[in-house]
Amino acid sequence: MGIEENKALVHRFFTRAWEGDLTAVDELIAPDSIDHSTVGGKAKVATGANSFKQIISMFRTAMPDLKLTILDEIAEGDKVVHRWQIVGTNTAPLMGIPPTGKQITFTGTTVVRVARGKIAERWANLDE
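Below or above, wherever it landed, is the structure these notes cover. Bear in mind the structure is a predicted one, so any value in this text is a computation, not a measurement.

Observations concerning helix α1 (residues 3–18)
With 16 residues, α1 extends 22 Å between its outermost C-alpha atoms, agreeing within 8% with the 22 Å of an ideal straight helix rising 1.5 Å per residue. Turning to α1, its buried residues number three or more, namely Asn 6, Leu 9, Val 10, Phe 13, Phe 14, Ala 17 and Trp 18. Within α1, the buried residues cover an arc of 130° as seen down the axis, which keeps them to one side. Positive phi appears at Gly 20, one or two residues downstream of α1, with a value of about 105°.

Written out as structure tokens, the structure is:
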């Protein structure tokens, strides 16, 4: 796949998955994908699509009106980088913090590696 196809695939994943369509995770994430994440303040590495589903579900449960906006996109070779923002109303516990009922904003950067038409690896940094 070329750079434009990689960008389209990753953009489609972010848009669908963060809108709550978790079928996008199964469809666009390789079964043996590797997820490097710092969500919750701990660096961790997980294999497979469940890590993606857990993170998305955690945020969507805590912020049911969540909206993700891609602020910047850069692609080179097999990697796509997004700088993004999540905004939503905190109505349930999130990462051990009680709900505030207020709108909260998170920003972060995600680097995704694409292989064989699927997301094969992801590195995510979240400003908590």
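On we go from here.
Some words on the pattern of salt bridges
Scanning the model with the defined rule gives 8 salt bridges in all. Of the charged contacts, one joins Arg 16 and Asp 21 as a salt bridge, the two residues approaching to 3.0 Å between their closest N and O atoms. Judged by relative accessible area, which is 27%, Asp 21 ranks as partly exposed. Put simply, Asp 35 and Arg 122 hold a salt bridge, and the shortest N to O gap is 2.6 Å. A residue pair is termed long-range when its members are at least 10 positions apart, and Asp 35 in strand β1 (residues 29–37) and Arg 122 in strand β6 (residues 118–127) qualify at 87 residues.

Observations regarding the sheet that holds strand β3 (residues 67–76)
The strands making up a sheet associate through hydrogen bonds between their backbones, and the pairing can be parallel or antiparallel. Strand order in the open sheet made by the 6 strands is β2-β1-β6-β5-β4-β3, with mixed pairing throughout. Taken across any chain shown, the strands that pair with only one partner, and hence form the sheet edges, are β2 (44–47) and β3. Here the strands of the sheet are splayed against their neighbours by 20° on average, with no regard to which way each runs. Across 4 bridges, β1 lies against β2 in antiparallel orientation. Paired with Ser 37 across the two strands is Lys 44, which belongs to β2. Across the sheet, helix α3 (residues 50–62) is in contact with β1, β2, β4 (79–89), β5 (103–115) and β6; its angle to β1 comes to roughly 65°.

Digging into empty space enclosed by the protein
Applying the stated criterion across every chain, the model contains 1 cavity of 30 Å³ or more. Considering the residues around the largest cavity, the lining is formed by 14 residues, among which Trp 18, Ile 55, Trp 84, Arg 122 and Ala 124 are closest to the centre. Counting only elements with at least two residues in the lining of the largest cavity, the list comes to α1, α3, β4 and β6. Tallying contributions element by element places α3 first for the lining of the largest cavity, with 4 residues.

Here is what the cut-offs are and how they apply
- Residues numbered from 1 in each chain as written.
- Predicted model: local features only at pLDDT ≥ 70, side-chain atom pairs only at ≥ 80, totals over all residues.
- Heavy atoms only, no water.
- Helix = DSSP H or I, 4+ residues; strand = E, 2+ residues; numbered from the N terminus.
- Expected span 1.5 Å × (residues − 1).
- Buried < 20%, exposed > 50% of the residue type's maximum accessible area, 1.4 Å probe, protein only.
- Arc of directions from axis to C-beta.
- Salt bridge = Lys/Arg side-chain N within 4 Å of Asp/Glu carboxyl O.
- Pairing = 2+ DSSP bridges.
- Axes fitted to C-alpha atoms, helices over the stretch in contact; angles between N-to-C directions.
- Contact = heavy atoms within 4.5 Å.
- 1 Å grid on protein atoms, 1.4 Å probe; cavity = no way out; pocket = protein on both sides within 12 Å on 5 of 7 lines; lining within 4 Å.
- Points joined across faces, edges and corners; volume = space filled by probe spheres on them.

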